[in-house]
Amino acid sequence: MTTAIAHPNIALIKYWGKAPETGNVPASPSLSITLDGLSTTTTVMSAQADQLRINGELSDDVKVLRWLASLREHFSIPPIHIDTANNFPTGAGLASSASGFAALIVAINAHCQLGLATESCSGWARQGSGSAARSLFGGFATLKPPNWQASPLLDAKDWPLSIIIAITDTGRKAVSSSAGMERSRNTSPFYPAWIEQTKTMFHAALDAVQAHDFSALATLAERSTLNMHAVMLSSQPTLLYWNGTSIALMQRISALRDSGVPVFFTIDAGPQIKAVCLPEAADIVAKSLGEVAGVRQLVRTGLGAGARVVDA
Ligand code: PMV
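Quick notes on the rules
Within each chain, residues carry numbers counting from 1 in the order of the written sequence. Predicted model: local features are reported for residues with pLDDT of at least 70 only, side-chain atom pairs are reported and counted for 80 or more only, and whole-chain, interface and lining totals are derived from all residues. Hydrogens and water molecules were not included; the side-chain quantities draw on all heavy atoms of the structure. DSSP calls a pair of strands paired once it identifies at least 2 bridges connecting them. Note on conventions: DSSP H or I runs of at least 4 residues are helices, E runs of at least 2 residues are strands, and numbering of each starts at the N terminus. Only C-alpha atoms enter the line fits that serve as axes; for helices the fit covers just the stretch in contact. Angles between N-to-C directions range over 0 to 180 degrees. The contact criterion used is simple: two residues touch if any of their non-hydrogen atoms lie within 4.5 Å. Burial classes: relative accessible area under 20% of the type maximum marks a residue as buried, over 50% as exposed, and values in between as partly exposed (1.4 Å probe, protein chains only). As used here, the arc belongs to the directions running from the helix axis to the C-beta atoms. Throughout, the term near means that a residue has one or more heavy atoms lying within 4 Å of the molecule or strand in question. Polar contact criterion, stated in full: a pair of N or O atoms within 3.5 Å, where within protein one must be able to donate a hydrogen and the other to accept it, and residues adjacent in sequence count only if both atoms are side-chain atoms. Accessible surface area values rest on a Shrake-Rupley calculation with a 1.4 Å probe, where residue burial reflects the displayed protein chains alone. Detection works on a 1 Å grid of protein atoms alone, calling trapped sets that fit a 1.4 Å probe cavities and calling open sets with protein on both sides within 12 Å along at least five of seven lines pockets, with lining residues defined by an atom within 4 Å of a point. A molecule is said to be in a cavity or pocket once over half of its atoms fall within 2 Å of that pocket's grid points. The classification used treats Ala, Val, Leu, Ile, Met, Phe, Trp, Tyr, Cys and Pro as nonpolar, Asp, Glu, Lys and Arg as charged, and all other residues, Gly among them, as polar.

1. A few points about the sheet that holds strand β8 (residues 140–143)
Two orientations exist for strands paired in a sheet by backbone hydrogen bonds: parallel and antiparallel.
Point 1. Read from one edge of the open sheet, four strands run β2-β3-β8-β9, paired in antiparallel fashion. Across the chains shown, the open sheet's two edge strands, defined by having one partner strand only, are β2 (9–13) and β9 (150–154). Ignoring strand direction, the axes of neighbouring strands in this sheet form an average angle of 35°.
Point 2. Here β2 runs beside strand β3 (residues 30–34); their pairing, made up of four bridges, is antiparallel. Each bridged residue has a counterpart across the sheet, and for Ile10 the counterpart in β3 is Ile33.
Point 3. Running at roughly 100° to β2, helix α6 (residues 214–233) makes contact with β2 and β8 of the sheet.

Structural data, given as structure tokens:
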């Protein structure tokens, strides 16, 4: 029996759209931070037949089962029980598939002695979910060509940031990221410009992280979020992942920054708002976001470590 833990990551330079080739390759590079407080814990054990349990319930999740089948084309993996659980809402725009596939490949790699290095685990995690590649690493990570395995950029302790997640709805999203990305690639008139601009912004964001330039990173991260949501909104049929509270929170965070508080927002394919701030601003940001009507829960966290085995 082997247990691994992984944390979700949030992209500051986002990816939304896959390259035409197979293997779940993104169409553009991305840069992320790995969180600390949210986690997926996955236990793998040898069994008579495969069985998957997600949050205590038996599951036949096709994404996971197909991924396991493709792993078996390369490695000899006996029948296994997989028991995986999140300490946060699943499939609600909180990157549960990122931590899920990262924890799963790390647990299988150790349990079945596949001998994969962390970078190779990242490549396999990416095949399950593009963003999962980045959760193999802690702190700041990138996912870029040519090999599309994530790399560490900056350790969590080298630039501590605080993240306040405002949960506005815990329901599952109506359109999955994979389906939404395909829709955007096929129908949004802005899609080609989005991919091109992301490549430029990725390099600018690398510089901002290396220089610990919060203000430059804030501008780039909000632009990446808003450009991605512009592509989503301009897809046919439209992909509107926000609710009214999401918009009120964006306005609140913009007003805080205008008044000198070092904070910015980032939003994925869901209605939750993630506020990223310098640690000294975390109390004021949390207090202010907690006052916005419609916020159901605030989760405060910092930057965390990469996926790892906790019990073998
Ligand atoms: O990991 P996927 O393939 O479900 O895509 C996630 C996409 C976003 O979370 C919206 C952006 C990103 O880069 O994480």
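2. Notes on helix α8 (residues 282–290)
Point 1. Here α8 has its buried residues at Ala282, Val285, Ala286, Ser288 and Leu289. Taken down its axis, α8 places every buried residue within 165° of arc, on the same side. For α8, exposure combined with an orientation more than 90 degrees from the buried face picks out Asp283 and Lys287.
Point 2. Buried-residue contacts for α8 involve β10 (162–167), α7 (244–258), β11 (263–266), β12 (273–277) and β13 (297–301).

3. Thoughts on the side chain of Thr2
Point 1. For Thr2, the position within the fold is in strand β1 (residues 2–6).
Point 2. We classify Thr2 as buried; its relative accessible area is 5%.
Point 3. Once residues within four sequence positions are removed from consideration, Thr2 is found in contact with Thr42, Thr43, Val44, Ala107, Ala110, His111, Val309, Asp311 and Ala312.

4. Section: the site of the ligand
Point 1. Near the ligand, the surroundings consist of 14 residues, among which Tyr15, Ser129, Ser131, Arg134 and Met181 are the closest.
Point 2. With respect to the ligand, the side chain of Ser131 contributes an N or O atom lying 2.5 Å from an oxygen atom.
Point 3. In the environment of the ligand, an oxygen atom lies 2.7 Å from a nitrogen or oxygen atom belonging to the side chain of Arg134.
Point 4. When the ligand is considered free in solution it has 380 Å² of accessible area, and contact with the protein chains removes 94% of it.
Point 5. Judged by the fraction of its atoms near the pocket grid, the ligand is located in the largest pocket.
Point 6. Class assignment of the residues belonging to the shell around the ligand gives a composition of six nonpolar, four polar and four charged.

By themselves, these are just geometric observations and shouldn't be taken as functional.
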